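Residue-level listing of the chains:
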Amino acid sequence: MSSVFRNLSRRDPKLFEIIKKEYWRQRTGIELIASENFTSPSVLECLGSILTNKYSEGLPGRRYYGGNEFIDEVENCCRDRALNAFKLNKEEWGVNVQPYSGSVANIACYLGFLKLHDRIMGLDLPSGGHLSHGFYIGDKKINHTSSMFESLPYQIKEDGYIDYELMEDLAMRFRPKLIICGGSAYPRDFDYKRFREICDKIGAYLMCDMAHINGFIATELMKSPFPYCDFVTTTTHKTLRGPRAGMIFFRKQFEKQINDSVFPGTQGGPHQNKIAAVATQLLEVQTPEFKDYMTRVRDNARVLADELQKFGYNISTDGTDNHIVLVNLRNKKITGSKIETICEAVNISINKNAVFGDTSPLSPGGIRLGTSAMTTRGFNEEDMKKLANLLNGLIELAIEIQEKYGKKLVDFKKALKSDEYAERIQSVKFGIQMWVSDYYFPDLHTQVDSHPALQE
Ligand SMILES: Cc1ncc(COP(=O)(O)O)c(C=O)c1O
């Protein structure tokens, strides 16, 4: 590692030490956060390149500063590859690859064609939607998209699937100018045709935020939203496995509004090191190896869901079409926060997540597990079985601790460090370290050709 950080390690040992700690946390732990992945050495090289030095406000061929000859090549390459990766006709679709990230892409997209206080309708956050789809709780405007626009969310049903009937009913009465499909914790595919029909009835735009499922869409393992949508926004760092950035795809008639809304409307100079990193990832996305990777991500998620069901867990929608397994813990009488805490103690990263029937957003009744990151590291179906067993053991231990120490999270945290449990926790953590340390971990000092996507 020090060979890559030879300057930082000498000039800024403090920061170098912090990065080193994070390196080992990532390398020796189990990463199940559904929105994370391990990006490739090529992506890391672009991110660390001199492209970061250049200001390039504007679009290729129309920049505010000189010296953008090669930067234009980078951005054009990224735009071409983005359209190719999603098999889009260049006469019909364009793409802006400058958004710094997913939330900013969404805001820039809305502001490109909506007026302040226009009505929007997205999947509610506790139902698996994202903050930037207009989230609020009661009077509290949690995300600016709910103060800039009038937001009325639609929800999932008890079985975990979107309630399309309710959505249509709400849309007919609320008459939003924009309906948003896509989400952060929705394990199933979307009925884009149905969304389009509803939008057509009320004259609304349809936007898909495909941030979580773009890898599946690019590899045709899930349906494409493009035939039905006016706009498609995305992040590039989740299943797509690129750097942290965003993109907005638009039908050609909206080209000027969207481009102007990104710059100068919302952002300043684009981050060309990231745009290059997105471009190189979009090349990888078009390989058969990436399709094989995405297939394994989905197969792994299905095995994980099945194995957890065998242990008696309620899986939202009874399974998954993608990388997300949403576990409803309400029948186990333990909160998602406690499971997140015990997992963190042994270096498994997961997140607590709202599930159907939750009343308090502060104490969600479930957990969200994602298989993209560990599949990149080489986890297969046997590993998933072992993982389900490990998670079940931890949940049972959490239930035991709660029974002894009571329901408060502070007491639970204390118990994990107590003489009674600390040793057991440490031994599970050590076992995990032994298990995963030898799995592939993409880094700049790792051989590029050992990347799973590049294997023969
Ligand atoms: C569906 C969806 N949209 C947008 C975002 C926001 O992306 P970012 O964190 O890059 O702003 C996320 C992030 O989790 C997401 O899940």
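For every chain, the first residue of the written sequence is number 1, and numbering continues from 1 onward in sequence order. Reporting in this predicted model follows two pLDDT cut-offs: at least 70 for local features of residues, and 80 or more for side-chain atom pairs to be given and counted; totals over whole chains, interfaces and linings ignore these cut-offs and use all residues. As a rule here, side-chain values cover all heavy atoms of the structure and leave hydrogens and water aside.

A.B. asks: Help me out: how do you make sense of the overall build of the chain in this one?
C.D. replies: To qualify as a helix, a DSSP run of H or I must reach at least 4 residues; to qualify as a strand, a run of E must reach at least 2; elements of each kind are numbered from the N terminus. Across its full length, the chain holds 17 helices and 15 strands. Within these notes, the globule rule equals 2.2 Å times the number of residues to the 0.38 power, and the radius of gyration is based on C-alpha atoms. In summary, the chain has a C-alpha radius of gyration of 22 Å against a globular reference of 23 Å for 456 residues, a match within 12%. C-alpha extents for the chain along the principal axes are approximately 65 × 60 × 40 Å. When accessible area is computed with a 1.4 Å probe and restricted to protein chains, residues below 20% of their type maximum are described as buried, those above 50% as exposed, and intermediate ones as partly exposed. Considering the chain as a whole, with its 456 residues, one finds that 56% of them fall into the buried category. Residue exposure ignores everything except the shown protein chains as possible cover, and the areas themselves are Shrake-Rupley values with a 1.4 Å probe. About 19,900 Å² of surface is accessible on the chain, with carbon and sulfur atoms providing 51% of the total.

A.B. asks: For this particular structure, what's the right way to read the confidence of the model for the chain?
C.D. replies: Predicted coordinates in areas of low pLDDT are best not read in detail. The predictor attaches a confidence to each residue, called pLDDT, with possible values from 0 through 100. Residue-level pLDDT values for the chain average 95, and 96% of them are 70 or greater. Here, residues are in contact when the closest pair of their heavy atoms is within 4.5 Å. Taken as a whole, residues 446–456 scores under 50 in pLDDT and shows 20 contacts with residues more than four places along the chain or in a different chain.

A.B. asks: Just checking my understanding: could you explain the side chain of Ser 418 for this structure?
C.D. replies: By secondary structure assignment, the location of Ser 418 is in the loop between helix 16 (409–417) and helix 17 (422–436). Take Ser 418: its relative accessible area is 18%, and that puts it in the buried class. A 3.5 Å cut-off defines polar contacts: any pair of N or O atoms within that distance qualifies, except that in protein one atom must be a possible hydrogen donor and the other a possible acceptor, and neighbouring residues in sequence count only when both atoms are side-chain atoms. Reaching out from Ser 418, the side chain makes a polar contact with the backbone oxygen of Ala 415 at a distance of 2.6 Å.

A.B. asks: For this particular structure, what's the right way to read the packing of aromatic side chains?
C.D. replies: Geometrically, a pair of aromatic rings is defined through the distance of the ring centres and the angle of the planes. In this analysis, rings of Phe, Tyr and Trp, with Trp reduced to its six-membered ring, are considered paired at centre separations within 6.5 Å, and the interplanar angle assigns stacked below 30 degrees, edge-to-face beyond 60, and tilted for intermediate values. Throughout the structure, instances matching the rule amount to 24 aromatic pairs. Ring-pair connections join several aromatic residues into one group, and the members of that group are Tyr 23, Trp 24, Phe 38 and Phe 441. Charges are assigned to positions over rings by a cutoff of 6 Å between ring centre and Lys NZ or Arg CZ, combined with an angular limit of 35 degrees from the ring normal. Lys 141 extends its terminal NZ or CZ atom over the ring of Tyr 136, reaching a point 5.9 Å from the ring centre. Cation over ring: Arg 377 sits above Phe 38, and NZ or CZ is 5.9 Å from the ring centre.

A.B. asks: What exactly am I supposed to notice about helix 4 (residues 69–85) here?
C.D. replies: A turn of α-helix holds 3.6 residues, and therefore any two residues three or four places apart point the same way. Multiplying one less than the number of residues by 1.5 Å gives the expected span of a helix. For helix 4, built from 17 residues, the straight-helix expectation of 24 Å at 1.5 Å per residue is met to within 8% by its first-to-last C-alpha distance of 25 Å. Among all positions of helix 4, only Ile 71, Asp 72, Val 74, Glu 75, Cys 78, Ala 82, Leu 83 and Ala 85 are buried. Just downstream of helix 4 lies Lys 87, where phi reads positive at about 55°.

A.B. asks: What is the right way to look at the domain arrangement of the chain in this model?
C.D. replies: One widely used convention gives an interface's size as the accessible area the parts lose upon coming together. Here the chain is described as being made up of domain 1 (46–285) and domain 2 (298–443). Here the limits of each domain have been adopted from an automatic or database domain assignment. On a C-alpha basis, the centroid separation for the pair domain 1 and domain 2 is 30 Å. Tallying the contact residues gives 21 residues for domain 1 and 18 residues for domain 2. Summed over both partners, the accessible area (1.4 Å probe) lost when two parts come together is defined as the buried area. Summing both sides of the interface, domain 1 and domain 2 together bury roughly 1,700 Å²; the carbon and sulfur share of this comes to 59%. Any Lys or Arg side-chain nitrogen found within 4 Å of a carboxyl oxygen on Asp or Glu counts as a salt bridge. At the boundary of domain 1 and domain 2, one finds 1 salt bridge. In this structure, the salt-bridge partner of Asp 321 is Arg 188, at a minimum N-O distance of 2.9 Å. Three classes are used: nonpolar for Ala, Val, Leu, Ile, Met, Phe, Trp, Tyr, Cys and Pro, charged for Asp, Glu, Lys and Arg, and polar for all others, with Gly counted as polar. In terms of residue class, the side of domain 1 that touches domain 2 is built from 11 nonpolar, 4 polar and 6 charged.

A.B. asks: Even after reading the chapter, I still don't get the sheet that holds strand 12 (residues 324–328), so can you show me in this structure?
C.D. replies: Strand pairing is defined by DSSP finding a minimum of two bridges between the two strands. Ordered by their spatial adjacency, 4 strands build an open sheet running 11-12-15-14, and the pairing between neighbours is antiparallel. Looking at which strands have only one partner, the edges of the open sheet turn out to be strand 11 (314–315) and strand 14 (351–353). Sheet topology places strand 14 next to strand 15 (residues 366–370); 3 bridges connect them, and they run antiparallel. In the sheet register, Asn 353 faces strand 15, and the bridge partner there is Gly 366. Helix axes use the C-alpha atoms of the stretch in contact, all axes being lines fitted to C-alpha atoms, and the angles between their N-to-C directions lie in the range 0 to 180 degrees. Across the sheet, helix 13 (residues 336–345) is in contact with strand 14 and strand 15; its angle to strand 14 comes to roughly 170°.

A.B. asks: Can you help me understand the site of the ligand in this one?
C.D. replies: Whether a residue is near a molecule or strand is decided by its heavy atoms; if any one of them lies within 4 Å of it, the residue is near. Around the ligand, the neighbouring residues are Ser 101, Gly 102, Ser 103, His 130, Gly 183, Ser 184, Asp 209, Ala 211, His 212, Thr 235, His 237 and Lys 238. One of the side-chain nitrogen or oxygen atoms of Asp 209 is found 2.6 Å away from a nitrogen atom of the ligand. With respect to the ligand, the side chain of His 212 contributes an N or O atom lying 3.4 Å from an oxygen atom. Alone, the ligand offers 400 Å² of accessible surface; in the complex the protein occludes 84% of this. Residues that form the shell around the ligand fall into these classes: 1 nonpolar, 9 polar and 2 charged.

A.B. asks: Sorry, what's going on with the sheet that holds strand 7 (residues 178–181) here?
C.D. replies: Note: strands within a sheet are paired through backbone hydrogen bonds, in either parallel or antiparallel orientation. The strand order across the open sheet built from 7 strands is 4-10-9-8-7-5-6, with neighbouring strands paired in mixed fashion. Both outer strands of the open sheet, strand 4 (93–96) and strand 6 (150–151), are each paired with one neighbouring strand and no more.

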